[in-house]
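# Structural overview
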Amino acid sequence: KAGIPLSVMKVLDPRQLKPDSTESEQILTVLDETIVKLEITRLIPRITASLDRYARMLGPEITSSLLELQKLSMEIQQLLTSPGDAKTMRAAEKCLKSSLRNILRLFLANPLLYHGLKFEVWVKESPADVFIKAFMEFRDFTLERLLTTPDEEREMIQFMKDISLQVEKNTEIISALQRELERVIQTRDEEVSKKDKTIENLKTAMEDLAKNCKAEIRLIMKEGEKQKKEDEEASQEKCARLKEDIQRLGTQFNALVLEHRASELFLRKEKCKAEKGIEEWVQKYDTDMTEKQTTYDELQIAYNEEKEQLSVLMEKHAMLLQEYTLIEEERRILKEKEEEAAREDARRNKAAACIQAFWKGYLVRSIYKSVLKKGKGKGKGK
């Protein structure tokens, strides 16, 4: 790490990266929205399976959209089980896609609902999770590529060149050590050859002086063999050390070569994959934006027409409301008059009843008085 430049470390550590341009932020926004849409799409089947449980949380608009999506899914499954008209199948798929886009739009408009469902709905692990994870890694890789400036890329290339130079230097050192080993081996062979010649000369001399110098010859032979053995052991130790150094440096060299080849291959693959993925997503984004713009234009035209109709209906409603207010006022006045008349009739009836009662009492009293008077007159006559 001490020899790696700061810009290279920034590329290797994406946590230090932050977007610094509007285009980068737009691309990252599109990728983040796509991740949210993928997660919402992963939750939709589970929500649809228990729609009664989440209907109150979702609201009527999202619930009706999910019911429509479920209905369209069942229709497409029926069409798949019983092959029919391809045109009908395409129309059904188009309706399904439109319904799904509408549901995603409603969820994106209410992020709190999405986060609540994310912790409320339990979904088993599926291949969709692997795809979402891979897409998140693609988003992080895209962020790294977007935030890698030309200077940082040049520093990365220079860093790789420096590593290549270091590898070349190690190769030169290994070659030099091999030449040194060959030179030492040659020197040792020359010394051994010289000593062999010396031994042969000594043997010749000993053969000449065998009769007189047997003891001296044996001593010289022992010393020569001992010296030869010591020289051979020293030479073998030195050769072994040099071989170990050569093997160690060769192993390091091979490890560095394999490591940097693997790193280079991985970086090339990641670069190709990222470029291909970005191109596909840009094309998909352009296609989606074109379709959404067309849908928006159609909705805008329908909205303007409905707005004009609404203004006409509002004017008619205002006139009808004014007329209704006048009619209600007339009805109220008429009702008050009828109620007053009814009260007046009630008072009159009550007064008439009182008068009739009083009159009936008066008549009864008058008749009773006349009867009493007639009875008294008859009694006196008797």
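So, here's what we can say about the structure. Note that the coordinates shown come from a computational prediction; the quantities given were computed from them, not determined experimentally.

Calculation rules
- Residues take numbers from 1 onward in each chain, read along the sequence in its written order.
- Local features in this predicted model are restricted to residues of pLDDT 70 or higher, and side-chain atom pairs are both shown and tallied only at a pLDDT of 80 or more, whereas totals for entire chains, interfaces and linings draw on every residue.
- Working from all heavy atoms in the structure, the side-chain values ignore hydrogens and water.
- In DSSP terms, a helix is any run of H or I states spanning at least four residues, a strand is any run of E spanning at least two, and both are numbered starting from the N terminus.
- Given a helix with a known number of residues, its expected span is that number minus one, times 1.5 Å.
- Note on bend: at a given residue it equals the angle between the axes fitted to the 7 residues ending there and to the 7 starting there.
- Think of it in three bands: residues with accessible area under 20% of the maximum for their type are buried, residues over 50% are exposed, and the middle band is partly exposed, with areas taken using a 1.4 Å probe on protein chains only.
- Between Lys or Arg on one side and Asp or Glu on the other, a salt bridge is scored when a side-chain nitrogen of the former is within 4 Å of a carboxyl oxygen of the latter.

With 28 residues, helix α2 (residues 22-49) should reach 40 Å at 1.5 Å per residue; the first-to-last C-alpha distance of 41 Å fits that figure. When the local axis directions of α2 are compared, the greatest deviation, roughly 30 degrees, occurs at L43, which is followed within four positions by the proline P45. Of the positions making up α2, those classed as buried are S24, L28, L31, T34, I35, E39, I40, L43, I44, I47 and T48.

Moving on, we come to helix α7 (residues 127-146). Helix length check: α7 (20 residues) gives 28 Å between terminal C-alpha atoms against 28 Å at 1.5 Å per residue, within 8%. Along α7, the positions that sit buried rather than exposed are I132, F135, F138, R139, F141, T142, L143 and E144.

What follows deals with the pattern of salt bridges. Under the definition given, this model contains 16 salt bridges. The partner of K195 in a salt bridge is D231, with the nearest N and O atoms 1.4 Å apart. With K195 in helix α8 (residues 150-208) and D231 in helix α9 (residues 214-381), this residue pair connects regions lying 36 residues apart in the sequence. Residue classification places K195 among the partly exposed positions, given a relative accessible area of 25%. Residue D231 is classed as partly exposed on the basis of its relative accessible area, which comes to 24%. As a salt-bridge pair, D196 and K228 come within 3.6 Å of each other at their nearest N and O atoms. Taken together, the positions of D196 in helix α8 and K228 in helix α9 put the pair 32 residues apart, joining distant regions of the chain.

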